[in-house]
Every structure is written in structure tokens, then in C-alpha cells.
Amino acid sequence: MTPPTSPRISVVIDSYNTAQFLGEAIQSVLDQTHPADQIVISDVSTDSSREIIEEFRVRFPQIVAKFGENRGSLGTLLAGLQEADGDLVFLLDADDRYQPGHLEGMMQRWREFPQADLIYCRHKIFGDRNLVEAFQLRHLHESSAWLGPIDLEHPYDWGCSSALAWCLDNYHIGGISSCLSFRRNHINVLPLSQLLTESGSLLKYNVDFIILLASALFGGRKVFVPNQTVDYRLHTSSINGLTEAGDNESNYIQSLGCSMARDWLRGRPIFGPQIRRLLDAEMQSIHWIAPGHRELYHRAKASLRDPAKELRAQTDSALRRLAEIEASTTWRMTWPLRQSVDFARCLLRPKATNKWTPLTKQHGIVAVDITKIWHSDSGTGIQRVVREIASKLVSLNTTHQFVLVDWSSGTPMDVTNAFISGETKSTKPLSGTEMIIMLDSSYHLALRIRHQLRDARQHKGIRIVSVCHDIFPITYPQFFEQPTSATFRHWLDEASLFSDAFVCNSRHTASELENYFSRASQHNKPPTVMWWPLGSNFSVPGWPDSETDSLLAPLNFLLMVGTVEPRKNYDFVLDALEALWNAGRLSSPLVVVGRPGWKCRHTTERLHTLEAKGRIFWHGGGLTDNQLRRLYQRAKVVIQASLDEGFGLPVAEATLFAKPVVLSDIPIFHEIVSENGYFFAQGDRRSFASALMRALEPDALPTKTTAVSWTESTEAFWKECSKLLDGCGTPEPVNPHAARSSATTSPAGEYHRPG
């Protein structure tokens, strides 16, 4: 059996104008009996610190330097954390130092408490003799006995301490910055970058308070250990020295910053119904709860607002008041007058006017609708396709000019330059076009402007192309809210009347759409349906590589990418993985990248529960392409268990990084996988387990795809659309039975190879 890999250690040193102490701090890390794998020095100094750092960096390759502008201690720390790649991160202020056995002793504690997110130790004071004598610090825990049985000679598991952080101002459980160590995937969960952005210059100090407070409020489990292997220096230029010497202004700034940070963190969306879950988990995780801690727990739960209960109370009150008014004599006597006023308003109300300026036909211009993504890019698979195709069309080498338009006002506004450059949204009306491509999945918009589109086609001779990414609201109505399915069906019927053709993102989707139109009684002649192959390479401009390291991911993980909604089949995967974890057949955790969608309340609750147990890591807020690329690179296996897909973009993306992909046995996956797909039968846990175990074998072959690059995909897309222009003839319809003609089926759990 392979021995477990020792966690990588990163030490992050924040440095600001402490050149006289910096060399000693760096050397104390280099002298450790348990060496650090990486030493990150984040420096914003204006003194000679940079020269000292460069001297060390030349001699020691494990040292990484990060230089930048001064944004306070929190900003300096976050800049260093972006460079840290260790599983465990230790902090050290540039004016403090480690004793030689510090890392070795703390690593022993991490092995003792594998469930911890943050472990901190005690410290010793040294430095300026006068300040040391005047600044006799009493250890924080000595005044906290009412919270629990604190013994400074033995470790103590605090649990989450969320109740404490929720109830008490300017109070936290923990130690100074140089005593802190934490799991990197835990610190990355905390919204510290957002806090820094919105706080401005207030958070200059007390980074230890902010980290510990955020950790407590976000459910981080912390452990105190009695190791006293950190030396904390007091000197005349330190903030503590200034405060003790009577600098009331700096003391006030610290207090103000801490109060602001606490209020901001408590205002995060997680502290709606989820804080109750955190508090309950905290009470269940500690074997012995002191009366003071339990009192805080009840205070915290009592202070939480119940929005649903408040809304019911307000509704009941409003109904009671309305009943009283309607029962009054005044209400009955004024009824004829109210009726007359309403009738007069209807007569005087101006008739709605059509503000849309009719388009003229202008050869060589192609309008591409991107209304939905222009106003809100939620990072879904469809919007990633829209973003890629729209960006590539603008730079396509052709005789036509492509104009990206926002149609939300009823008039197509040219937003091409603003969309490509990412600058301010400067727009101008589009006067004429030869073709309109409804690229985005904005079927609500298409219904609003259907009369204009029909007029453009029938009276102006402008070609209309509607892009169909899938028809799931029709084929799987049980997975959607009823209004969504009804609106989608309405759009599809209307679009078939104003569109010259539909272009689908895969042969499978085109086949499904052809079948739908052939069954629709109102179509004597079904509309033309075409398809084009999607791309899969990451090539979106404007998203910097500096974001790639700020990830939440353990080692040797499985990866699922997709919106959390019923069709993605998350519940089946979680059931199957829980059975494997509980049976000891699987140790790899699951990383989920997907925003909450619809009809997913039960699934999101399971994700939160398993996340609290450390079984999964959920990126529910979405990631940039660079961050997603990094996760694909590090994953052992990618899982796609969807009941159906329009294309299956994550499958094609995973193959770019030579990953084995575990797939549900559905037609679209056979269409886009060319070799070595690890297929399993839908709903069959045994088949899923077999496929997963094959994919996890050391000699497992990577899955390969038929997908092309985004540039090739865009060229193929325009080739299909251009067939509709004058003189190009009518494209051939898709064979509805050819969706799987290019791939052979394979037994679930086996490698898939073409026949």
C-alpha cells in the first residue's frame, strides 16, 4: 500500500518596512527541523526589505517573492496567499520569528487533529525591554474559562465557535498572526478579497482578528495547542507598541476596522438559513459544552431572523387590515366613485407605442444577439458557448461584418466594441443588417420582439437564424417549473414562424428538434434544422492568470462541473459515492463546480452536509475559466452523469487535459467521445462504481473527444448560417435517426472505442 503523502507546507511572511528584522524572520523558517516546501514573502515596503528578500531568493529556490502596493496587512497577506501552493499555510509577521521546532511540532498537531481547519499555538514576547515590561500580555484563554475547560498545557478543540463570533463584538478565539496555521482550501472559502475591496483603507491592522472571525462565521473548526514556539516581537514601530504608548488614533482605527469587518461578514448571504446549520453542527461537534458556550448558542439562534415567518406575519397583518377596511361603511359608500375613477384612467391611458425602429436590409452586415449575456453572465455552459462564438465571429476572416447587439430596449444596439474590450457599455443603434442570428438562449426576448423579427424577414428580406442549445423543457418537463416549459414551447412555435432555420449545437440536439417539429401539427413543412460542432479549448481574453491559484481543491479529487439541477443527476452520484466512501472503497473527495439552479433544494442541502463532513468541496458561486482550467488539470477523474445534454461541454473540456471521464450512457456523450469513455448505465450504482474504479486505475487511459477548437467551431457555425444567404441554396435537413451513427454503444463501465 502506498504511504500517505505528507501535506505540502507554505509559510507566508507579510513584510512592511521591517528591514531590520526581516532577515531574522526568514532565517528562522529556513532553520526549521521540519522544512517548509515553500516560503512566500509578500512585501510592500519602502525601505531596504526588497534587497534583503532578493539576496535570500538567489540562494534558496523555495522562496517566492511577491511585491506590490501597500493595501494594509490584509491586502499584503492575500497577495501572498495567491502564491501559496501548500496544503497547509503558516503565517509569520516579518518582525516575529519561529523557534527551530515550530513547524515540526505543529505538523504533529495537524496529524492529531485531521478534522481541523485552523490550528494555532501560544507565543512568547521579546524585543524592546521597556515595551515588554509595559505590555504584559495575558494569554487570551485565561479570561475565557466560562466558555469551556481551558487547560493551557493541553490541546483544546474549540469546534467552530460560530456562536461566539455571532454574538460578541470585538472578541475572537485564537492567537496572533504568527501563531496561525490553516488549510489553504479553508482560507480560500472565506470572502476576504471581497471584504478588502469593500472596506478600503480601514483594514490596515488586525489581520489575525479578521481571519479568525471569518473562519468562525463560516464554520471553520479550530484547535488550540500548547506549543509555545513562536517569538512575538515588541518594538517601537509596531502597531501594538504605538497603541500601548498612547496612540489613540491607531487604536480607534483598529477598533473601527474590526467592527466593520464583523458587520460585513455577518451580512453575507450565507448567514440566512445556513447559519442555523452551522450553529447546530458546532454544538454537535464538541463533546463537552460549557454553560457559557451553550448560552451563546441559544442567544445566536434567538437573534436570527426567520424571513418566511416574518413574511407570513406581515401578510396576516395586511389581510386583517384589508378585511377591516372592506367591512367599513366608508369603503361601501365610496365604491361607485372608485369604479368611475378606474374607468376614466383606462380611457385616458396613452396607447402603447412601438419604439422599435424597423431594420433595413444592408448587405454585408450580420447582427448577432447577445442580450442575455450582455446584461448578466452567469457562467453557465450555454453562456460560455455564446461568449466564445460571439467573440470569434467578430474576428472571423470573411467578407461580412458581425455586429453584436443588445435588443433589450426593443431596438438593436451595437455593443461589439464594449463586449470585446470589456470597457464601458457605449452603444449605438444598428440601422440595417442582412442576417439576424439569435445566438443567446434569450427566448423570453425573442417572444417580445417576434413581430419585429417577422417583419424583418417577410417585408425586408432579412434572414433570421435561431440557435437552439437544447429542448429539455419539452423533453424533460418534470425537471423544470411549469411556466418555464410553457414559455419555451411558446418560443419554439413562434420562432419556427419567423426563422429561416434553426442551428443546433450538436447532431443529437438537431435530431431532437427535428422530431419535435415532425410531431407538431401546425407545421405542414417542418422548419430547416442544421447543426455545428462545439469547441472546447479555453481561450477567453480578459481573465488574468493571477486568479488561477485562488482555488478550493484537495489532493486526488474527483470533479463534476455543471449547474446543480435535476437533469445533471447529482443525487445519483452522491448516493453512489457515499456508498463507496462508507464501504472504504474510495477515499478521493468530490469537487463540484456549479451554481444552484432550479428544483435543487434537497440536492444543495446534501452538498452542504457532505461539505461539512469534508467529503466534497462545492464552488457554488462559479469560477473563472482560468480557475476551472486549474481544477481540470489537478483532477484525477471527471464525472458527467447527466440524464441528457445538449452537448456536454465539460466532457470535451476534460479531454483537453487527458483525464479519464466517467459518463452516463446517453447518445450525446457517444457523439462527442471518440475513445476511452468510461460509460455506466443510468441509475445503476454498481455500473457506476465499476466505471469509476476503472477510471481510477493507475494505467487508466485518458478519454478522447471529437470536439474541435473554438475557432474551428465558429467557422463551422458561420458556414451553416451563410447557406441561407442569397444564392447559397437551402441546407440539407438533419437525419433525425443519425445522432449516434458516428459512435458505437458500449457496455456500461467499459472503455468506449469506435467500431
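Residues numbered from 1 in each chain as written. Predicted model: local features only at pLDDT ≥ 70, side-chain atom pairs only at ≥ 80, totals over all residues. Heavy atoms only, no water.

A. Main features of helix H30 (residues 685-696). Helix length check: H30 (12 residues) gives 16 Å between terminal C-alpha atoms against 16 Å at 1.5 Å per residue, within 8%. Those residues of H30 lying buried are Ser687, Phe688, Ala689, Ala691, Leu692, Ala695 and Leu696. On its buried face, H30 sits against strand S20 (558-561), helix H25 (570-582), strand S23 (637-640), strand S24 (661-664) and strand S26 (678-680). Taking the backbone nitrogen of Arg686 as reference, a side-chain oxygen 3.0 Å away marks Asp684 as the first, capping residue of H30. (Helix = DSSP H or I, 4+ residues; strand = E, 2+ residues; numbered from the N terminus. Expected span 1.5 Å × (residues − 1). Buried < 20%, exposed > 50% of the residue type's maximum accessible area, 1.4 Å probe, protein only. Contact = heavy atoms within 4.5 Å. Polar contact = N/O pair within 3.5 Å; in protein donor to acceptor, adjacent residues only side chain to side chain.)

B. Inspection of the sheet that holds strand S5 (residues 97-98) at higher detail. Spatially, S5-S11-S7 is the arrangement adopted by the three strands of the open sheet, whose pairing is mixed. Either end of the sheet is taken by a strand with one partner, and the two such strands are S5 and strand S7 (124-127). As paired elements, S7 and strand S11 (residues 230-234) share four bridges and run parallel to each other. Its bridge partner lying in S11, Ile125 is registered against Tyr232. (Pairing = 2+ DSSP bridges.)

C. Spatial organisation of the packing of helix H1 (residues 19-30) against helix H2 (residues 49-59). Where H1 contacts H2, the two axes come as close as 9 Å, and the packing angle between them is 25 degrees. When the axis of H1 is compared with that of H2, the two are roughly parallel. Between H1 and H2 lies a crossing whose hand is right-handed. Contacts between H1 and H2 involve Ala19, Leu22, Gly23, Ile26, Gln27 and Leu30 from the first element and Ser49, Ile52, Ile53 and Phe56 from the second. Residues belonging to the contact of H1 with H2 are distributed by class as follows: seven nonpolar, three polar and no charged. (Axes fitted to C-alpha atoms, helices over the stretch in contact; angles between N-to-C directions. Parallel < 35°, antiparallel > 145°, perpendicular 65-115°, else oblique. Left-handed = near helix turned anticlockwise from the far one by under 90°. Nonpolar A, V, L, I, M, F, W, Y, C, P; charged D, E, K, R; others polar.)

D. Here's a closer look at unusual backbone geometry. Phi is positive for Asn569, close to 65 degrees, though the residue is something other than glycine. Along the chain, Asn569 falls in the loop between S20 and H25. Note on Asn569: relative accessible area 13%, which makes it buried. For Asn676, which is not glycine, the phi torsion reads 65 degrees and is therefore positive.

E. Up close: the packing of H25 against helix H26 (residues 601-612). Running from N to C, H25 and H26 cross one another at 30 degrees; their axes reach a closest spacing of 10 Å. In terms of crossing hand, the pair formed by H25 and H26 is left-handed. Contacts between H25 and H26 involve Tyr570, Asp571, Leu574, Asp575 and Glu578 on the former and, on the latter, His602, Thr603, Arg606, Leu607 and Leu610.

F. A look at the confidence of the model for the chain. Here the chain averages 77 in pLDDT, and 71% of its residues register 70 or above. Predicted confidence for residues 137-143 stays below pLDDT 50, and this span has 18 contacts to residues more than four positions away or in other chains. Contacts of residues 239-250 to residues separated by more than four positions or lying in other chains number 15 contacts, the stretch itself having pLDDT below 50. (pLDDT = per-residue confidence, 0-100.)

G. Molecular detail of the pairing of S23. Here S23 shows no split at all, with Val637 and Ile639 on one side and Val638 and Gln640 on the other all buried. As judged from the two bridges shared by S20 and S23, these two strands associate in the parallel manner. Paired with Leu559 across the two strands is Val638, which belongs to S23. Bridge count for S23 against S24 is three bridges, and the pairing is parallel. Across the sheet, residue Ile639 finds its bridge partner in S24, namely Val662. Between the parallel elements S23 and S24, the chain passes through helix H28 (residues 649-656) in a crossover that is right-handed. (Right-handed = clockwise from strand over helix to strand, strands pointing away.)

H. Inspection of the sheet that holds strand S9 (residues 180-183) at higher detail. Taking strand neighbours across the sheet as the criterion, the eight strands line up as S3-S2-S1-S4-S9-S6-S10-S8 in an open arrangement whose pairing is mixed. Each having just a single partner strand, strand S3 (63-67) and strand S8 (156-159) make up the two edges of the open sheet. Along the sheet, successive strands turn relative to each other by an average axial angle of 20 degrees, direction set aside. By the bridge criterion, five bridges tie strand S2 (residues 38-43) to S3 in an arrangement that is parallel. Counterpart to Asp43 in the pairing with S3 is Phe67.

I. Summary view of the pattern of salt bridges. This model, assessed by the stated rule, comprises 24 salt bridges. Between Arg384 and Glu653 there is a salt bridge, and its shortest N-O distance comes to 2.2 Å. Of this pair, Arg384 sits in helix H18 (residues 381-394) while Glu653 sits in helix H28; the two residues are 269 residues apart in sequence, bridging distant segments of the chain. There is no split in this pair, since Arg384 and Glu653 are both buried. Residue Arg463 pairs with Asp500 through a salt bridge whose shortest N-O separation is 3.0 Å. (Salt bridge = Lys/Arg side-chain N within 4 Å of Asp/Glu carboxyl O.)

J. Focus on the side chain of Thr655. Residue placement: Thr655 occurs in helix H28. Ignoring sequence-local partners within four residues, the contact set of Thr655 consists of Val661, Thr703, Lys704 and Thr705.

K. Main features of the nonpolar core. One finds Ile370, Ile437, Leu559, Phe717 and Trp718 to be the most contacted residues of the largest nonpolar core, which totals 58 residues. With five residues, H18 is the single largest residue contributor to this core. In this structure, Ile39, Ile41, Leu131 and Ile176 belong to the second largest nonpolar core, which totals 38 residues. (Core = buried A, V, L, I, M, F, W, Y, C linked by side-chain atoms within 4.5 Å.)

L. The environment of Val11, seen in detail. For Val11, the location among the structural elements is in strand S1 (residues 9-15). Aside from chain neighbours lying at most four places away, what touches Val11 is Val29, Ala36, Gln38, Ile39, Val40, Phe90, Leu92, Tyr98 and Leu103.

M. Here's a closer look at the environment of Ile13. Note that Ile13 resides in strand S1. Each C-alpha atom, one on Ile13 and one on Phe90, is 8.6 Å from the other, the two residues being 77 residues apart in sequence. Beyond its immediate sequence surroundings of up to four residues, Ile13 is in contact with Leu22, Ile26, Val29, Ile39, Val40, Ile41, Ser42, Leu92, Asp93 and Ala94.

N. Structural detail: helix H4 (residues 102-112). Of the residues making up H4, those classed as buried are His102, Leu103, Gly105, Met106, Met107, Arg109 and Trp110. Close packing links the buried residues of H4 with S1, strand S4 (88-93), S5, strand S6 (118-120), S9 and S11.

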